[in-house]
Amino acid sequence: DQQVKQNSPSLSVQEGRISILNCDYTNSMFDYFLWYKKYPAEGPTFLISISSIKDKNEDGRFTVFLNKSAKHLSLHIVPSQPGDSAVYFCAAANTDKLIFGTGTRLQVFP
Amino acid sequence: NAGVTQTPKFQVLKTGQSMTLQCAQDMNHEYMSWYRQDPGMGLRLIHYSVGAGITDQGEVPNGYNVSRSTTEDFPLRLLSAAPSQTSVYFCATLSDTGLGYTFGSGTRLTVV
């Protein structure tokens, strides 16, 4: 049973435009959410996080939105750059466990 | 550089062989964990440890053993490798502030 879902396996966006990556979760006990970025042959790197008591967190070009009632979070990247091309994983934390989604491959083209 | 070190980077095993994937960290983090990454499955938690002497199961623990005798090391053992264990394995630590996990660069394991 997949507790964290990323329903879009891939996303293609033009440079300069907004990228929106979505994530849904099923367990209301998750209290912390994170986004990770992964390049080929490298480990995931932490991007941005949000606590369940907030609905928005912003860090430069990256903003994460959390809708607890819908059990949905999203990552906005504005403006998108070619270097943002990677696989993005959302993750949800509950006590000692961090559960990942299946990932969305973002491609930013010129 | 400080961080999480995984060895080996690549490994090919025959079915039934055993091996240990090594993970070492020098950040003095109490929490360490092992994930496997498979196409279409994302990263799935195998085992984790909240400190030396304490381990617990994640989402997909079957076929794997772990131990945590020191804060620095968290080895993952495959006692009898199976083709279904072909995957990329990542070790991760969590800082005591609880903000963000640090991942190693991964071990690509192929079981033939």
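Look a little higher up for the structure.
Residues numbered from 1 in each chain as written. Chains lettered and ligands numbered in written order. Predicted model: local features only at pLDDT ≥ 70, side-chain atom pairs only at ≥ 80, totals over all residues. Heavy atoms only, no water.

Before going further, it helps to examine the environment of M32(B). Residue and element names in this part refer to chain B. The topology assignment puts M32 in strand β4 (residues 31–38). For M32, a relative accessible area of 0% translates into the label buried. Residues M32 and S95 lie 63 residues apart in sequence; the distance between their C-alpha atoms is 9.4 Å. Ignoring sequence-local partners within four residues, the contact set of M32 consists of C23, Q25, Y48, S49, R68, T71, E72, D73, F74, C91, A92 and T93. (Helix = DSSP H or I, 4+ residues; strand = E, 2+ residues; numbered from the N terminus. Buried < 20%, exposed > 50% of the residue type's maximum accessible area, 1.4 Å probe, protein only. Contact = heavy atoms within 4.5 Å.)

Using the criterion set out here, one finds two disulfides over all chains in the structure. There is a disulfide in this structure between C23(A) and C90(A), and the S-S distance comes to 1.9 Å. Its S-S torsion of about 60° marks the bond between C23(A) and C90(A) as right-handed, since a negative value means left-handed. Remark: C90(A) occurs in strand β9 (residues 86–94) and C23(A) occurs in strand β3 (residues 19–25); sequence separation between them is 67 residues. Residue C23(A) is classed as buried on the basis of its relative accessible area, which comes to 1%. Here C23(B) is linked by a disulfide to C91(B), with a sulfur-sulfur distance of 1.9 Å. (Disulfide = S-S within 2.5 Å.)

This part covers unusual backbone geometry. Of note, the bond from V78(A) into P79(A) is cis; its omega dihedral lies within 30 degrees of zero at -10°. Summarising the element assignment, P79(A) is placed in the loop between β8 (72–77) and β9. Omega for the peptide link from T7(B) to P8(B) comes to -10°, which places this bond in the cis form. Of note in the backbone geometry, A41(A) takes a positive phi value of approximately 65° without being a glycine. Structurally, the position occupied by A41(A) is in the loop between β4 (32–38) and β5 (45–51). Look at K71(A): it is not a glycine, yet its phi comes out positive at around 55°. Take K71(A): it is sitting in the loop between β7 (62–67) and β8.

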